[in-house]
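Structural overview for review
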Amino acid sequence: MSDIRVGIIMGSQSDWPTLREAAQLLDELKVSYETRIVSAHRTPDRLWDYGRSAVERGLQVIIAGAGGAAHLPGMMASKTRVPVIGVPVQTKALSGVDSLYSILQMPRGYPVATMAIGAAGAANAGLMAAGILALQDAGLAQRLDQWRADLTASIPEVPCDD
Ligand code: RP5
């Protein structure tokens, strides 16, 4: 079993600029992760192997991002009981609403925790993964509390012109 706790997977290299937001948050919070391109349509055997081995490899959360006909998070959820957080990647044709609906409407029994479309959703996926892991990790809980306090402190009370 490795010490990597989060798997960040995406359907294509083109998803990485979005999913990198999740990776950056995990870096900030000192959470170990790996990144892989795993496509539901183009590399189905890779998807199956990843899902089949996720528990025995010690993964505790999987962040899965995809765009368009975004079957990756749902298919991964069908293959492993490791919690899957879905990130709908913004698309040119339909602005990511296609991705969102593809990920969101899972049938009963195979949940995917679906984030917002795009970069904010990916960052929130990193924070959500950290929050899940922090339930069993006091050091991470402290870092996450501090991260949240820093964000609050960065918000000015009064708007300015520029
Ligand atoms: C999906 O198709 C990927 O998740 C990506 O968002 C989208 C487009 O992929 P590329 O054509 O850029 O490889 O499977």
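Residues numbered from 1 in each chain as written. Predicted model: local features only at pLDDT ≥ 70, side-chain atom pairs only at ≥ 80, totals over all residues. Heavy atoms only, no water.

1. Quick notes on the site of the ligand
Put simply, the test is: One heavy atom suffices: a residue is near a molecule or strand as soon as one of its heavy atoms comes within 4 Å of it. Definition of a polar contact: a pair of N or O atoms within 3.5 Å, with one able to donate and the other able to accept a hydrogen when the atoms are protein atoms, and with sequence-neighbouring residues admitted only if both atoms are side-chain atoms. The accessible surface values rely on the Shrake-Rupley method and a 1.4 Å probe; as for residues, cover is taken only from the protein chains in view.
Within the structure, the ligand sits among Gly11, Ser12, Ser14, Asp15, Arg42, Ala66 and Gly67. A distance of 2.6 Å separates an oxygen atom of the ligand from a polar atom in the side chain of Ser14. One of the side-chain N or O atoms of Asp15 is found 2.6 Å from an oxygen atom in the ligand. Against a free-state accessible area of 360 Å², the protein chains account for coverage of 65% of the ligand.

2. Examining the side chain of Ser12
Threshold: We count a stretch as a helix when DSSP gives it H or I for four or more residues in a row; a strand needs E for two or more, and each element gets its number in order from the N terminus.
Mapping Ser12 onto the fold places it in the loop between β1 (6–10) and α1 (16–28). One polar contact links the side chain of Ser12 to the main-chain amide nitrogen of Ser14, over a distance of 3.0 Å.

3. Remarks on the packing of aromatic side chains
Formally: Aromatic pairing here means that ring centres of Phe, Tyr or Trp (its six-membered ring) are within 6.5 Å. Orientation follows from the plane angle: under 30 degrees is stacked, over 60 is edge-to-face, and everything else is tilted. Placement of a positive charge over a ring is assigned whenever Lys NZ or Arg CZ falls within 6 Å of the ring centre and within 35 degrees of the normal to the ring plane.
Counted by the stated rule, this structure contains zero aromatic pairs. For Arg57, the ring lying beneath its charged end belongs to Tyr50, and the centroid distance is 5.5 Å.

4. Quick word on the environment of Ala93
Rules: To sort residues, take the accessible area from a 1.4 Å probe on protein chains only and compare it with the maximum for the residue type: under 20% means buried, over 50% means exposed, and anything in between is partly exposed.
Its location among the elements puts Ala93 in the loop between β4 (84–89) and α4 (97–104). Of the residues examined, Ala93 reaches a relative accessible area of 71% and is grouped as exposed. Residues Ala93 and Met115, 22 residues apart in the sequence, show an inter-C-alpha distance of 20 Å.

5. Overview of the UniProt feature "binding site: substrate" (unreviewed entry) in the protein chain
For clarity, the threshold we go by: UniProt positions are given in the numbering used here, feature names are shortened, and annotations may be inferred rather than shown by experiment. Residue contacts are counted whenever heavy atoms from the two residues lie within 4.5 Å of one another.
The UniProt record annotates "binding site: substrate" (unreviewed entry) at Ser12, Asp15 and Arg42. Taking the farthest pair of C-alpha atoms as the criterion, the annotated set spanning 31 residues converges on one region, since that pair is 14.2 Å apart. With relative accessibility at 17%, the residue Ser12 sits in the buried group. Those residues in contact with Ser12, other than ones at most four positions away along the chain, are Ile37 and Arg42. Note on placement: Arg42 falls in the loop between β2 (33–37) and α2 (44–53). According to the relative accessible area criterion, Arg42 is exposed, its value standing at 68%.

6. Side note on the packing of helix α5 (residues 119–134) against helix α6 (residues 138–153)
The condition is simple: Axis lines are fitted to C-alpha atoms, over the contacting stretch for helices. Their N-to-C directions set the angle, which ranges from 0 to 180 degrees. Here roughly perpendicular refers to angles of 65 to 115 degrees, roughly parallel to angles under 35, roughly antiparallel to angles over 145, and oblique to all remaining angles. In this scheme the handedness of a crossing depends on how the near helix is turned from the far one: anticlockwise by less than a right angle means left-handed, clockwise means right-handed. Gly is placed with the polar residues, together with every amino acid not listed as nonpolar (Ala, Val, Leu, Ile, Met, Phe, Trp, Tyr, Cys and Pro) or charged (Asp, Glu, Lys and Arg).
Contact geometry for α5 and α6: axes closest at 8 Å, N-to-C directions at 140 degrees. Here α5 lies oblique to α6, going by the angle between them. Relative to α6, the crossing made by α5 is left-handed. Of α6, the residues touching α5 (which contributes Leu127, Ala130, Gly131, Leu133 and Ala134) are Leu140, Ala141, Leu144 and Trp147. A per-class count over the contact of α5 with α6 returns eight nonpolar, one polar and no charged.

7. What about the UniProt feature "domain: PurE" (unreviewed entry) in the protein chain?
Taking the UniProt record as the reference, the feature "domain: PurE" (unreviewed entry) is found at residues 4–155. For residues 4–155, the end-to-end C-alpha separation is 33 Å, with 47% helix and 16% strand making up the annotated structure.

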